[in-house]
Amino acid sequence: MTTKKKDIRALTKEQLRDFFVAQGDKAFRGNQVYEWLWSKGAHSFDGMTNLSKQTREQLETHFVINHIRVDQMQRSSDGTIKNAVRLHDGLVVESVLIPTPKRTTACVSSQVGCSLDCKFCATSRLKRMRNLNADEIYDQVIAIDNESRLYHNHPLSNIVFMGMGEPLMNYNNVIKAIDMITSKDGLAMSPKRITVSTSGVPKMIKKMADDQVRFNLAISLHSAIDEVRTHIMPFNKTFPLKDLKESLEYWYSKTERMITYEYVVWEGINDQQKDIDALAKFCSYVPCKVNLIEYNPIDDGEFQQASTQAIDNYINTLEKRGIVINVRRSRGKDIDAACGQLANKS
Ligand code: SAH
């Protein structure tokens, strides 16, 4: 029988230290290896040049380093870059670098495919195959950081969990990845520059509040009327708006952090005054702002971006009621890299 080698990045720093102690070596060795794995992003034990040959062989015997590979990189005319990322088991996810004059944002995936069934999102057509491990999420960020330095001459400034998958359905690994991204052993990035976007899993929103997380929370709302929301996001049937509302109130009571609602306006779906009024009411529950996202068409044309008039109605009504509302332009559309377009097409 062959024993399967363990993925070394599944170990905490403590566990690595313990490993070396158990091998009769110094615990400090664990710190050195940890630094190679995370801060330096080593892909092989051979490259860990401050370790003896014997130590490297010892690691080789017990562990593997499962790292991602950027299989294909596409560059959009607006500077957006989309990576097709191959995982150690051959599955593929996508991540995106979005450059704007003020910031460079990485949009990363949290799952292979998605178990939700939002009707307007290309990823929902892909079966959810598995959750990404923390290191697979972390590696996407590193790959984009490298590309940002190479093509835009500065490091990554922000991260959004708006790629493939529902981050709150892979909560532990997402948190582990964010811990590494924000830790001194990793990228030392401020959690204020990280946004987790969710369709809204009330139980997990409450858990995040209890865990006192320090990153930003965005909710893909799209409608504040149950009937409409269930039609476009069937998952809303299980987690209706009143549960979402309650979890957001809980979040705010614990964290005092403002929430962002992401919202697309579609013709004939949520472009009426009643839709706007419902949103304005929902916005009164906790301090928040609204990002109106441009719709990125996916193949079949069932959904269409609402008229400019409808969008203006949203802006006017919300602004009149003192609600902050921004209109977000999409980037990377020509390479299917915009919100909701990630579907491993290539
Ligand atoms: N599951 C998470 C993260 C992935 S979706 C979530 O639901 O938030 C990231 C964002 O893209 C969400 O706000 C989602 O509603 C939006 N989105 C999905 N499909 C889209 C499309 N075709 N056009 C514009 N935005 C879309």
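Computed from a predicted model, the values in this text were never measured in an experiment.

What counts, and where the lines are drawn
Residues numbered from 1 in each chain as written. Predicted model: local features only at pLDDT ≥ 70, side-chain atom pairs only at ≥ 80, totals over all residues. Heavy atoms only, no water. Helix = DSSP H or I, 4+ residues; strand = E, 2+ residues; numbered from the N terminus. Rg over C-alpha atoms; globule rule 2.2 N^0.38 Å. Buried < 20%, exposed > 50% of the residue type's maximum accessible area, 1.4 Å probe, protein only. Domains from an automatic or database assignment. Contact = heavy atoms within 4.5 Å. Buried area = accessible area lost by both parts, 1.4 Å probe. Salt bridge = Lys/Arg side-chain N within 4 Å of Asp/Glu carboxyl O. Polar contact = N/O pair within 3.5 Å; in protein donor to acceptor, adjacent residues only side chain to side chain. Nonpolar A, V, L, I, M, F, W, Y, C, P; charged D, E, K, R; others polar. Expected span 1.5 Å × (residues − 1). Near = heavy atom within 4 Å. Areas by Shrake-Rupley, 256 points an atom, 1.4 Å probe, with all protein chains shown as cover. Lys, Arg positive; Asp, Glu negative; His and termini not counted. Phe/Tyr/Trp six-rings, centres within 6.5 Å; stacked < 30°, edge-to-face > 60°. Lys NZ or Arg CZ within 6 Å of the ring centre and 35° of its normal. Axes fitted to C-alpha atoms, helices over the stretch in contact; angles between N-to-C directions. Parallel < 35°, antiparallel > 145°, perpendicular 65-115°, else oblique. Patch = residues over 30% accessible without salt bridge, like charges linked within 9 Å, V, L, I, M, F, W, Y side chains within 5 Å. Pairing = 2+ DSSP bridges.

Looking now at the overall build of the chain. Along its length, the chain carries ten helices and 14 strands. For a compact globule of 346 residues, the expected C-alpha radius of gyration is about 20 Å, and the chain comes in at 22 Å, within 12% of that figure. Judged by the C-alpha coordinates and their principal axes, the chain covers about 70 × 45 × 40 Å. A total of 346 residues make up the chain; the buried ones form 52% of that total.

Take the domain arrangement of the chain next. When its domains are assigned, the chain resolves into domain 1 (6–64) and domain 2 (69–335). Using only C-alpha atoms to locate each centre, domain 1 and domain 2 end up separated by 35 Å. With six residues of domain 1 at the contact, the number on the domain 2 side is eight residues. A buried area of about 690 Å², summed over both sides, lies between domain 1 and domain 2, and 45% of it is on carbon and sulfur atoms. The interface formed by domain 1 and domain 2 includes three salt bridges. For D185, the salt bridge goes to K13, with nearest N and O atoms at 3.0 Å. Between domain 1 and domain 2 we count four residue pairs in polar contact (both at pLDDT 80 or more) in total. Residues of the side of domain 1 that touches domain 2, tallied by class, amount to two nonpolar, one polar and three charged.

Taking 1.5 Å of rise per residue, twelve residues should cover 16 Å, and helix α5 (residues 171–182) covers 16 Å from first to last C-alpha, within 8% of that figure. Taken as a whole, α5 has its buried residues at Y171, N173, V174, I175, A177, I178, M180 and I181. Tucked inside the fold, the buried residues of α5 contact α2 (28–37), β8 (130–131), α4 (134–152), β9 (158–161), β10 (194–198) and α6 (202–210).

Our next topic: the site of the ligand. Inspection of the region around the ligand gives 20 residues, with F120, S197, S199, S220 and H222 positioned closest. Measuring from a nitrogen atom of the ligand, one finds a backbone N or O atom of G165 at 3.1 Å. Contact distances for the ligand include 2.6 Å between an oxygen atom and a side-chain N or O atom of S220. Burial of the ligand by the protein chains amounts to 96% of its free accessible area of 530 Å².

In this section: the side chain of E166. Position of E166 relative to the elements: it lies in the loop between β9 and α5. One buried charge, E166, has no salt-bridge partner; the nearest side chain with opposite charge is R229, at 8.4 Å. In this structure the side chain of E166 is engaged in a polar contact, spanning 3.1 Å, whose partner is the backbone nitrogen of L168. Ignoring anything within four residues of it in the chain, the contact list for E166 reads S110, Q111, C114, L116, S197, T198, S199 and V201.

This next bit is on the packing of aromatic side chains. Scanning the entire structure with this criterion turns up 13 aromatic pairs. Ring geometry for W266 and Y295: centres 5.8 Å apart, planes at 75 degrees, overall edge-to-face. Residue W266 is located in the loop between β12 (259–263) and α9 (273–282), and its partner Y295 is located in the loop between β13 (288–293) and α10 (308–320); the two are separated by 29 residues in the primary sequence. As far as the burial class goes, W266 and Y295 line up, both buried. Centroid distance F282 to Y285: 5.2 Å. Interplanar angle 65 degrees. Geometry classified as edge-to-face. Accessibility expressed as a relative area gives 3% for F282, which makes it buried. Positioned above the aromatic ring of Y285 is the side chain of K245, whose terminal nitrogen or guanidinium carbon lies 4.7 Å from the ring centre.

Time to look at the packing of α6 against helix α8 (residues 241–255). Between two packed helices, the angle of one axis relative to the other and the distance separating the axes together describe the packing. Packing of α6 against α8 leaves a shortest axis separation of 9 Å and a crossing angle of 5 degrees. Between α6 and α8, the interaxial angle falls into the category roughly parallel. Contacts between α6 and α8 involve P202, I205, K206, M208, A209 and D210 on the former and, on the latter, D243, L244, E246, S247, L248, Y250, W251, K254 and T255. Here the contact of α6 with α8 is built from residues that sort into eight nonpolar, two polar and five charged.

Further remarks concern a nonpolar patch on the surface. Taken together, V70, M73, L150 and Y151 make up a surface patch of nonpolar side chains, about 330 Å² in accessible area. Only β3 (69–75) and α4 provide two or more residues apiece to the nonpolar patch. With respect to the helices and strands, the residue Y151 is situated in helix α4.

The next thing to look at is the sheet that holds β13. Working definition: the strands of a sheet are paired by backbone hydrogen bonds and lie parallel or antiparallel to each other. Strand order in this open sheet of ten strands is β3-β4-β5-β6-β9-β10-β11-β12-β13-β14, and the pairing throughout is mixed. Of all strands in the sheet, those bounded by a partner on one side alone are β3 and β14 (324–328). Along the sheet, successive strands turn relative to each other by an average axial angle of 20 degrees, direction set aside. The sheet contact formed by β3 and strand β4 (residues 81–86) spans six bridges and is antiparallel. Within β4, the residue paired with R69 across the bridge is R86.

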